[in-house]
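One letter stands for each residue in the lines below.
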Amino acid sequence: MNHHFPDIGYNTLQLNHNAQMGAHKDSNNKGSGFIIGIGNYHGGEIAIDKLGKKNNKDETAVYVDYDIRRKALAFDGANHLHKVRAFTGTRITIVAYYQ
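Residues numbered from 1 in each chain as written. Predicted model: local features only at pLDDT ≥ 70, side-chain atom pairs only at ≥ 80, totals over all residues. Heavy atoms only, no water.

Asker: Please clarify how the overall build of the chain should be interpreted in this entry.
Answerer: Within the chain, the secondary structure is distributed over zero helices and nine strands. Projected onto the principal axes, the alpha-carbon positions of the chain cover approximately 35 × 30 × 20 Å. Of all 99 residues assigned to the chain, the portion counted as buried reaches 38%. Taking the intrachain contacts of the chain between residues at least 6 apart in sequence as the baseline, contacts between residues at least 24 apart amount to 81%. On the chain, roughly 5800 Å² of surface is accessible, and the fraction owed to carbon and sulfur atoms is 50%. Once the 12 positive and 9 negative side-chain charges of the chain are each reduced to a mean point, those two points are 0 Å apart. (Helix = DSSP H or I, 4+ residues; strand = E, 2+ residues; numbered from the N terminus. Buried < 20%, exposed > 50% of the residue type's maximum accessible area, 1.4 Å probe, protein only. Contact = heavy atoms within 4.5 Å. Areas by Shrake-Rupley, 256 points an atom, 1.4 Å probe, with all protein chains shown as cover. Lys, Arg positive; Asp, Glu negative; His and termini not counted. Charge placed at Lys NZ, Arg CZ, Asp CG, Glu CD.)

The following block contains the structure:
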């Protein structure tokens, strides 16, 4: 992944299998990381609040959906609320971040 995001360092890889996560910020991340989805699934976009640090409530979030199936996405999960949209099938995500 370093050739896609040469400015993002990481020392932790996390694998998620069919994880349906509600709105949250990543407390262990330091800076931006990246995520990619693999598997045979439909839906499962990652929704990221564009308000950033200013917002900590799901009810006031302004989400933008990103399709990460076979596409890597860099974002700052420590400072932006994010959640997983509903999906069907087998959804695996690989998350890389600096802890």
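After that view, the rundown keeps rolling.
Asker: Where do I start with unusual backbone geometry in this structure?
Answerer: Peptide bonds are trans in most cases, and residues, glycine excluded, mostly fall at negative phi. Of note in this structure, asparagine 18 is not a glycine but carries a positive phi near 55°. Relative accessible area serves as the criterion here: at 32%, asparagine 18 is assigned to the partly exposed category. Even without being a glycine, arginine 70 presents a positive backbone phi close to 60°. Residue placement: arginine 70 occurs in the loop between strand S5 (63-66) and strand S6 (73-75).

Asker: What's the story with the layout of surface pockets in this structure? I'm lost.
Answerer: Space left empty within the atom packing is revealed by a probe, the size of a water molecule, rolled over the atoms. Quantified by volume, the largest pocket comes out at close to 310 Å³. Looking at the largest pocket, it is lined by 23 residues, and the ones nearest its centre are Gln14, His24, Asp26, His82 and Val95. Those elements giving two or more residues to the lining of the largest pocket turn out to be strand S1 (12-17), strand S2 (33-38), strand S7 (82-84) and strand S9 (92-97). Looking at side-chain class alone, the lining of the largest pocket contains nine nonpolar, ten polar and four charged residues. (1 Å grid on protein atoms, 1.4 Å probe; cavity = no way out; pocket = protein on both sides within 12 Å on 5 of 7 lines; lining within 4 Å. Points joined across faces, edges and corners; volume = space filled by probe spheres on them. Nonpolar A, V, L, I, M, F, W, Y, C, P; charged D, E, K, R; others polar.)

Asker: Please explain the sheet that holds S5 as it appears in this structure.
Answerer: Strand pairs in the sheet, formed through backbone hydrogen bonds, run parallel or antiparallel to each other. A sheet is described by the order of its strands in space; here three strands give the open sequence S5-S4-S7, paired in antiparallel fashion. Bordering the open sheet on either side are S5 and S7, each of which pairs with just one other strand. Strand-to-strand, the axes of this sheet are offset by a mean angle of 25°, without reference to chain direction. Pairing of strand S4 (residues 46-49) with S7 involves three bridges; the strand directions are antiparallel. Following the sheet pairing, alanine 47 is matched in S7 by lysine 83. (Pairing = 2+ DSSP bridges. Axes fitted to C-alpha atoms, helices over the stretch in contact; angles between N-to-C directions.)

Asker: Quick question: what am I supposed to make of the nonpolar core here?
Answerer: Soluble globular proteins tend to pack their nonpolar side chains together in the buried interior. Listed in full, the eleven residues of the largest apolar core are Ile35, Tyr41, Ile46, Ile48, Ile68, Leu73, Phe75, Val84, Phe87, Val95 and Tyr97. Going through the elements one at a time, S4, S6 and S9 are the ones with two or more residues in this core. Ignoring sequence-local partners within four residues, the contact set of valine 84 consists of Ala19, Gln20, Met21, Gly44, Glu45 and Arg91. (Core = buried A, V, L, I, M, F, W, Y, C linked by side-chain atoms within 4.5 Å.)

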